[in-house]
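Structure assessment
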Amino acid sequence: MAEMKVFSTGIDPDDWIARRFTQTGDGRTPPIFWQHLPADTKSLILLMEHREAEPGRKVQWLIYDLPPAAEGLHEDGPLPDGARLGRNDFGTMAYRPPEAGADHQLQHYDFILIATDLPTLGLAEGANWKSVKGRLRKGGQDSDQLGPPPAADPRAREFHPLGHILDYAEFSGHFALDTDKHV
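Along every chain, residues carry numbers that run from 1 in the direction the sequence is written. Predicted model: local features are reported for residues with pLDDT of at least 70 only, side-chain atom pairs are reported and counted for 80 or more only, and whole-chain, interface and lining totals are derived from all residues. Each side-chain value is derived from all of the structure's non-hydrogen atoms; neither hydrogens nor water enter the calculation.

Take the confidence of the model for the chain next. Mean pLDDT over the chain stands at 89; residues scoring 70 or higher make up 90%. For every residue, the predictor states its confidence as a pLDDT score lying anywhere from 0 to 100. Residue contacts are defined here by distance: any two heavy atoms, one from each residue, within 4.5 Å place the two residues in contact. With pLDDT under 50 throughout, residues 179–183 is counted as low confidence; its partners more than four residues away or in other chains account for 10 contacts.

Turning our attention to helix 1 (residues 129–136). Exposure is judged per residue with a 1.4 Å probe applied to protein chains only, and the accessible area is read against the type maximum: over 50% gives exposed, under 20% gives buried, and values in between give partly exposed. Helix and strand definitions here come from DSSP, where helices need a minimum of 4 consecutive H or I residues and strands a minimum of 2 consecutive E residues; each element is numbered from the N-terminal end. Burial in helix 1 covers these residues: W129, V132 and L136. Along helix 1, the residues classed as buried sweep out an arc of 60° about the axis, all on the same side. This arc corresponds to the set of directions leading from the helix axis out to the C-beta atoms.

Further remarks concern the pairing of strand 3 (residues 43–50). With 8 of 8 residues buried, strand 3 lies mostly within the body of the structure. By the alternation rule, side chains of strand 3 split into S43, I45, L47 and E49 and L44, L46, M48 and H50, which are all buried.

Here we take up the sheet that holds strand 1 (residues 5–7). Any two strands are treated as partners once DSSP identifies two or more bridges connecting them. Taken in spatial order, the 3 strands of this open sheet run 1-2-5, and their pairing is antiparallel. Strands at the two margins of the open sheet, each flanked by one partner only, are strand 1 and strand 5 (72–73). In terms of strand pairing, strand 1 meets strand 2 (residues 32–35) through 3 bridges, oriented antiparallel. Directly across from F7, in strand 2, lies its bridge partner F33.

This next bit is on the pattern of salt bridges. Two side chains with opposite charge may pair up if their charged atoms get near one another. Salt bridge criterion: a side-chain nitrogen from Lys or Arg within 4 Å of a carboxyl oxygen from Asp or Glu. Per the stated rule, a full pass over the model turns up 11 salt bridges. Counted as one network, the salt bridges with shared partners bring together E49, R51, D110, K133, R155, E158 and E170.

Strand order in the open sheet formed by 5 strands is 6-4-3-7-8, with antiparallel pairing between adjacent strands. One side of each edge strand has no neighbouring strand; the edge strands of this open sheet are strand 6 (84–85) and strand 8 (165–175). Judged from the 2 bridges that link them, strand 4 (residues 59–66) and strand 6 form a sheet pairing that is antiparallel. Looking across to strand 6, one finds that I63 is bridged to L85. Working convention: axes come from line fits to C-alpha atoms, limited for helices to the stretch in contact. Angles between N-to-C directions cover 0 to 180 degrees. Contacting strand 3, strand 4, strand 7 (107–116) and strand 8, helix 1 crosses the sheet at an angle of about 140° to strand 3.

Printed below as a string of structure tokens:
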């Protein structure tokens, strides 16, 4: 069986994030597509995090209740029917485009796709990442009843107690002030 995959036709993980997807550019939402979802996938979650940001300022984009039958998200296109836009760490229900630090340091943006066994999280539009994670915990599941989390993988440790996650995949894009001239 093929491994779950998430990718963008507009962001190459080996190249800079194109200016049209950044704050110094047009701020367009990037196209995101997926393949090889687990057979029991009932809904998807898309999360974009700014890796170097301080806690409480990491979540840039959150979409949940994405239907697995959808092929993905098109550039600056509408969400598929049933999908809900979450609240980012800046208090808005929107895509917060990558921004360059004034210090010219390289910034990394992680795009994570999560497959769940829940047809819906049962949350109204505008829920934040903490609320979404709360719905991914299985009822009656205490963290002390779980085996040890994988030690070497921070993302696997974060998702370990969330029993409704079937699988996840991610890719990263990077951006810096000197790269905003890239198209």
